[in-house]
Amino acid sequence: MGKKKDKKIKGAEKTQKKTEKNLDKKTKKELRVKGEEDIEAIISQIEEQDRKRQQIVEEKCGPPSPRCNMTLVAHPERDILIMFGGEYFNGAKTFLYNDLFYYNIKTNEWSQIKAPNTPAPRCSHQAVILHQSGGEMWIFGGEFSSPTQSQFYHYRDLWVFNLKDQTWQKINASGGPSSRSGHRMVACRKMLFVFGGFHDNVRDFKYFNDIYAFNVETLKWMKLDISGIPPSPRSGCVMASTQDGNHVIVYGGYSKEHVKKEVEKGQIHTDMFMLSVDGKSKQESNPVKWKWVAVKQSGCRPSPRCSSSMVVTGQNRALLFGGVFDEEEDEECVKGTFYNELYNLELEKGRWHHILLRKKKDDNEPKKRRRKLKASPEEATSGATSEDEEYELSDIDEDVKKMRVGDGNLEQMETDDSTLTVKDEKIPDVVSENKIITYDDGVFSVEVKCPNRNPESHDLEVNASSSDVEAFMPSARMNPLLAVKHGQLFLYGGTCEDGDRQITFSDFYSIDINKLSEWEVIIQQDSAQMDWQESESSDDDSESEDGANGGKAAKDAEKVKNIEEQDDDDDDDSDETEDDDDDDASDDEEPAPPVEPLEGAGPYFDRTKIYWMKTAENVAKKEKIDANAKQMKKAATGMAKDFWKQQQQQQNKPDD
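Residues numbered from 1 in each chain as written. Predicted model: local features only at pLDDT ≥ 70, side-chain atom pairs only at ≥ 80, totals over all residues. Heavy atoms only, no water.

### Structural notes on the overall build of the protein chain
Helix and strand counts for the protein chain come out as eight helices and 40 strands. Excluding contacts between residues fewer than 6 apart, the proportion of contacts in the protein chain whose partners are at least 24 apart in sequence is 64%. As displayed, the protein chain offers around 33,700 Å² of accessible surface, 45% of which is attributable to carbon and sulfur atoms. (Helix = DSSP H or I, 4+ residues; strand = E, 2+ residues; numbered from the N terminus. Contact = heavy atoms within 4.5 Å. Areas by Shrake-Rupley, 256 points an atom, 1.4 Å probe, with all protein chains shown as cover.)

Here it is, written out as structure tokens:
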């Protein structure tokens with residue numbers, strides 16, 4: 001029996017290898033048609049060119065060209081930020097980089113370091129700074145893609161850049177993680193911890209939840225003895241280590257799975273886990289026994305999102321910025337909501353604080369008293385808060401009310417302009433008058449009656465006083481670069497989406513994390529740098545979609561328009577009875593469900609989906625619009641979102 005089973009396994013392995021070989025042949029044939037080389041050959045050519053470089057050259061230059069998914073770390077001894085790698089997609093072609101840039105904080109100048117034996121171009125890798133040997137930057141993994149994105153190559157190499165000598169060294173050590181990108185890496189004690197990530201070879205993908213530790217003294221990968229239930233496989237999470245080196249935190253992330261043939265479903269994770277030194281191992285310099293423990297989060301939690309960025313600021317605190325929530329409208333269409341919120345996390349407690357920046361009001365501006373900080377346009381459409389937020393006044397200890405989240409110091413402060421405060425004003429649940437919201441997307445046109453309901457305002461604000469106004473915030477984005485140096489938080493770049501267009505930011509900001517009063521603009525976003533080119537495939541898809549669905553949508557929109565024009569052209573006398581009937585019917589209509597306190601746009605629609613779908617169906621029936629299920633859901637979502645926006649504006653309306 002055993003021999004037969006072994007033969008079956010070997011037969012399956014042979015079949016799989018044969019299938020992969022045939023697929024490789026097919027891929028290479030397709031590449032020849034496109035005029036594109038094999039991806040491993042491209043990487044080999046680049047590495048060969050870098051090996052020919054003999055000298056180390058540092059030359060001043062302008063800011064880096066547009067790119068994303070690079071790394072940014074702070075030099076441990078000098079006033080310098082270090083950027084490496086990245087990618088740029090212009091809509092038709094992808095560019096990968098292995099450039100190394102220095103940004104001098106004091107002089108506000110950029111320089112590029114060109115050194116022999118540079119790692120191959122990559123993005124979605126990880127970089128960590130260590131203080132030893134005059135400063136070292138360690139890099140692991142990442143990915144490279146061909147210009148047409150028809151090929152992907154994932155790295156599993158480990159590199160160290162000696163900051164004192166400005167030399168690269170590839171570390172050849174066995175037993176490390178498999179090739180991957182989108183993973184996370186942090187320094188803890190004398191080790192580098194690598195967690196998660198994914199591997200995608202176009203034909204298939206895999207997400208990881210394994211964790212590895214590299215000993216930077218012995219230059220070997222360690223085999224850890226880990227107990228407990230680990231986080232599920234994911235990439236795009238955030239990871240941080242505590243100051244004592246006894247804990248590593250993993251929060252959030254993203255993964256996807258096959259639900260049926262050629263159909264994938266994504267999942268955004270909102271859980272938090274702590275990897276802690278197990279038992280007496282705390283006394284060891286490089287312990288091997290660790291344990292996973294699920295963390296119960298508290299405070300003002302971020303709404304579901306992934307691809308946020310986090311940086312440790314000192315005293316077991318970290319700041320988180322940005323992220324994206326992807327909503328799958330159907331099997332092929334995904335819509336992203338991007339965020340520009342700033343959160344403070346107490347690492348050992350798993351307690352979140354949502355930070356709202358305030359600045360002193362200009363004396364020339366008219367003074368207005370406001371119940372709640374008014375949301376920016378990006379925040380208003382993002383659904384910035386979550387239905388599962390459980391933020392209460394009791395969650396904020398007295399020492400948290402008067403704190404600095406700064407660079408290595410958590411100082412008790414007197415109540416002054418840098419005090420964290422919580423606004424807790426009661427607002428009437430319902431205003432006597434009902435509002436009417438009009439929604440029109442070209443297919444559906446409907447008016448919705450709603451009560452003017454304002455929930456309580458619970459926001460953590462910095463520098464709040466009666467004469468303060470809303471401070472400027474960098475725009476919403478995912479994967480921004482964050483680094484901290486001398487009490488300053490630096491934020492560079494990131495990406496967001498505008499329809500099918502990817503926007504790659506090249507802007508640069510800083511903020512004093514002891515005061516948290518206002519962002520300083522170092523580099524303003526230059527829209528002229530955004531060279532977006534529509535690919536031929538997207539043009540074809542657009543034309544096809546217009547032909548299949550656009551014509552029908554245009555006819556339905558015209559039908560609604562004709563009905564409205566007909567109503568306007570009718571005589572007042574002939575419409576009197578109908579208008580009276582319509583008014584009576586309008587009075588009997590059920591008001592839209594009110595928005596709950598601290599409820600985002602996405603969670604609001606999920607809770608009230610039945611009402612809005614019914615409303616869309618009634619409109620379609622009344623106006624005789626032949627809409628499919630996708631159009632119905634889009635209309636329902638749009639009406640709910642417009643209603644949510646109106647409620648937010650009403651809540652943020654200044655007092656007269």
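Having seen the structure, we can now continue with the description.
### Some points on the sheet that holds strand S6 (residues 100-104)
With respect to topology, five strands assemble into an open sheet ordered S1-S7-S6-S3-S2, the strand pairing being antiparallel. Two strands lie at the open edges of the sheet, namely strand S1 (57-61) and strand S2 (71-74), each paired on one side alone. Within the sheet, the average angular offset between the axes of one strand and its neighbour, ignoring direction, is 25°. Where S2 lies against strand S3 (residues 80-84), four bridges are found, and the strand directions are antiparallel. Each residue of the ladder has a partner; that of Leu-72, found in S3, is Met-83. (Pairing = 2+ DSSP bridges. Axes fitted to C-alpha atoms, helices over the stretch in contact; angles between N-to-C directions.)

### Quick word on helix H2 (residues 39-51)
Between its terminal C-alpha atoms H2 stretches 19 Å, which fits the 18 Å expected from 13 residues at 1.5 Å a residue. Taken together, the buried positions of H2 are occupied by Ile-39, Ile-42, Ile-43 and Asp-50. Projected onto a plane normal to the axis of H2, the buried residues spread over an arc of 95° and lie on a single side. The N-capping residue of H2, defined by a side-chain oxygen 3.2 Å from the backbone nitrogen of Glu-40, is Asp-38. (Expected span 1.5 Å × (residues − 1). Buried < 20%, exposed > 50% of the residue type's maximum accessible area, 1.4 Å probe, protein only. Arc of directions from axis to C-beta. Polar contact = N/O pair within 3.5 Å; in protein donor to acceptor, adjacent residues only side chain to side chain.)

### Here we look at a negative patch on the surface
A cluster of like negative charges, contributed by Asp-326, Glu-328, Glu-497 and Asp-500, occupies part of the molecular surface. Locating Asp-500 in the fold gives a position in the loop between strand S38 (488-498) and strand S39 (501-512). Note on Asp-500: relative accessible area 73%, which makes it exposed. (Patch = residues over 30% accessible without salt bridge, like charges linked within 9 Å, V, L, I, M, F, W, Y side chains within 5 Å. Salt bridge = Lys/Arg side-chain N within 4 Å of Asp/Glu carboxyl O. Lys, Arg positive; Asp, Glu negative; His and termini not counted. Charge placed at Lys NZ, Arg CZ, Asp CG, Glu CD.)

### Details of helix H7 (residues 601-622)
With 22 residues, H7 should cover 32 Å at 1.5 Å per step; its first-to-last C-alpha distance of 27 Å lies more than 12% under that length. At Thr-608, H7 is deflected by roughly 75°, the largest bend along its length. Taken as a whole, H7 has its buried residues at Ala-601, Pro-603, Tyr-604, Phe-605, Thr-608, Tyr-611, Trp-612, Met-613, Thr-615, Ala-616, Val-619 and Ala-620. Directly beyond the C-terminal end of H7, a positive phi value near 55° is found at Lys-624. (Bend = angle between axes of the 7 residues up to and from the residue.)

### Some details on the sheet that holds strand S8 (residues 126-130)
The strands that make up a sheet pair up through hydrogen bonds in the backbone, lying either parallel or antiparallel. Read from one edge of the open sheet, four strands run S8-S9-S12-S13, paired in antiparallel fashion. On the outer flanks of this sheet lie S8 and strand S13 (167-171), each paired with one strand and no other. Across this sheet, the average inter-strand angle for adjacent strands is 20°, counted without regard to direction.

### Observations concerning the packing of aromatic side chains
All chains considered together, the criterion is met by 30 aromatic pairs. With centroids separated by 5.3 Å and ring planes inclined at 75°, the aromatic side chains of Tyr-153 and Tyr-155 adopt a geometry described as edge-to-face. Judged by relative accessible area, which is 4%, Tyr-155 ranks as buried. Ring geometry for Tyr-207 and Tyr-254: centres 6.5 Å apart, planes at 70°, overall edge-to-face. With a gap of 47 residues between them, Tyr-207 in strand S17 (residues 205-207) and Tyr-254 in strand S22 (residues 247-260) connect regions that are remote in the sequence. Take Tyr-254: its relative accessible area is 22%, and that puts it in the partly exposed class. Cluster of aromatic residues (ring-pair linked, three or more members): Phe-101, Tyr-103, Trp-110, Phe-490, Tyr-492 and Phe-508. Sitting above the plane of the Tyr-97 ring, Arg-67 keeps its charged end 4.0 Å from the centroid. The ring of Phe-205 carries Lys-256 above its face, with NZ or CZ at 4.9 Å from the centroid. (Phe/Tyr/Trp six-rings, centres within 6.5 Å; stacked < 30°, edge-to-face > 60°. Lys NZ or Arg CZ within 6 Å of the ring centre and 35° of its normal.)

### Observations regarding the nonpolar core
By size, the foremost hydrophobic cluster in this structure holds 19 residues, and its most contacted members are Tyr-604, Trp-612, Ala-616, Met-632, Ala-636 and Phe-643. Among the elements that take part in this core, H7 stands out by supplying eight residues, more than any other. Residues within four places of Tyr-604 in sequence aside, it is in contact with Pro-593, Pro-594, Val-595, Glu-599, Trp-612, Ala-640, Phe-643 and Trp-644. (Core = buried A, V, L, I, M, F, W, Y, C linked by side-chain atoms within 4.5 Å.)

### Some points on the side chain of Asp-157
The topology assignment puts Asp-157 in the loop between strand S11 (152-154) and strand S12 (158-162). Engagement of the side chain of Asp-157 in a polar contact is seen with the side chain of Arg-122, the distance being 2.8 Å. Filtering out sequence-adjacent residues up to four positions away, Asp-157 remains in contact with Arg-122, Ile-139, Phe-140, Gly-141 and Lys-170.

### With respect to the pattern of salt bridges
It is possible for side chains of opposite charge to pair when their charged atoms get near one another. By the definition in use, this model includes 12 salt bridges. For Lys-60, the salt bridge identified is with Glu-109, shortest N-O distance 3.3 Å. Of this pair, Lys-60 sits in strand S1 while Glu-109 sits in strand S7 (residues 109-114); the two residues are 49 residues apart in sequence, bridging distant segments of the chain. Using a relative accessible area of 34% as the deciding quantity, one classes Glu-109 as partly exposed. The partner of Asp-99 in a salt bridge is Arg-67, and the shortest N-O contact between them spans 3.2 Å. Residue Asp-99 is found in the loop between strand S5 (94-96) and S6, and its partner Arg-67 is found in the loop between S1 and S2; the two are separated by 32 residues along the sequence.

### Re the pairing of strand S14 (residues 184-188)
Burial of S14 is extensive: four of the five residues sit out of reach of the surface. Across five bridges, S14 lies against strand S15 (residues 191-195) in antiparallel orientation. Within S15, the residue paired with Cys-188 across the bridge is Met-191. Remark: two residues form the turn of the hairpin made by S14 and S15, two consecutive strands paired antiparallel; Arg-189 in that turn has positive phi of roughly 60°.

### Concerning the environment of Thr-148
Along the chain, the position of Thr-148 falls in the loop between strand S10 (143-145) and S11. Taking relative accessible area as the criterion, Thr-148 reaches 41% and is therefore assigned partly exposed. With 54 residues separating them along the chain, Thr-148 and Thr-94 place their C-alpha atoms 6.5 Å apart. Within the structure, the side chain of Thr-148 is placed 2.8 Å from the side chain of Ser-150, a separation counted as a polar contact.

### Section: the state of the cysteines
One pass over the full model with this rule turns up zero disulfides. Cysteine Cys-68 shares no disulfide, and the gap to the nearest cysteine sulfur, in Cys-123, comes to 7.1 Å. (Disulfide = S-S within 2.5 Å.)

### What about the pairing of strand S9 (residues 136-140)?
The element S9 is extensively covered by neighbouring structure, given that five of its five residues are classed as buried. Residues of S9 alternate between two faces, with Glu-136, Trp-138 and Phe-140 on one and Met-137 and Ile-139 on the opposite face, all of them buried. In this sheet, S9 lies alongside S8 in antiparallel orientation, the contact comprising five bridges. Following the sheet pairing, Ala-127 is matched in S9 by Ile-139. With antiparallel pairing between neighbouring strands as the criterion, S8 and S9 make up a hairpin whose turn holds five residues, including Ser-133 at a positive phi of roughly 55°.

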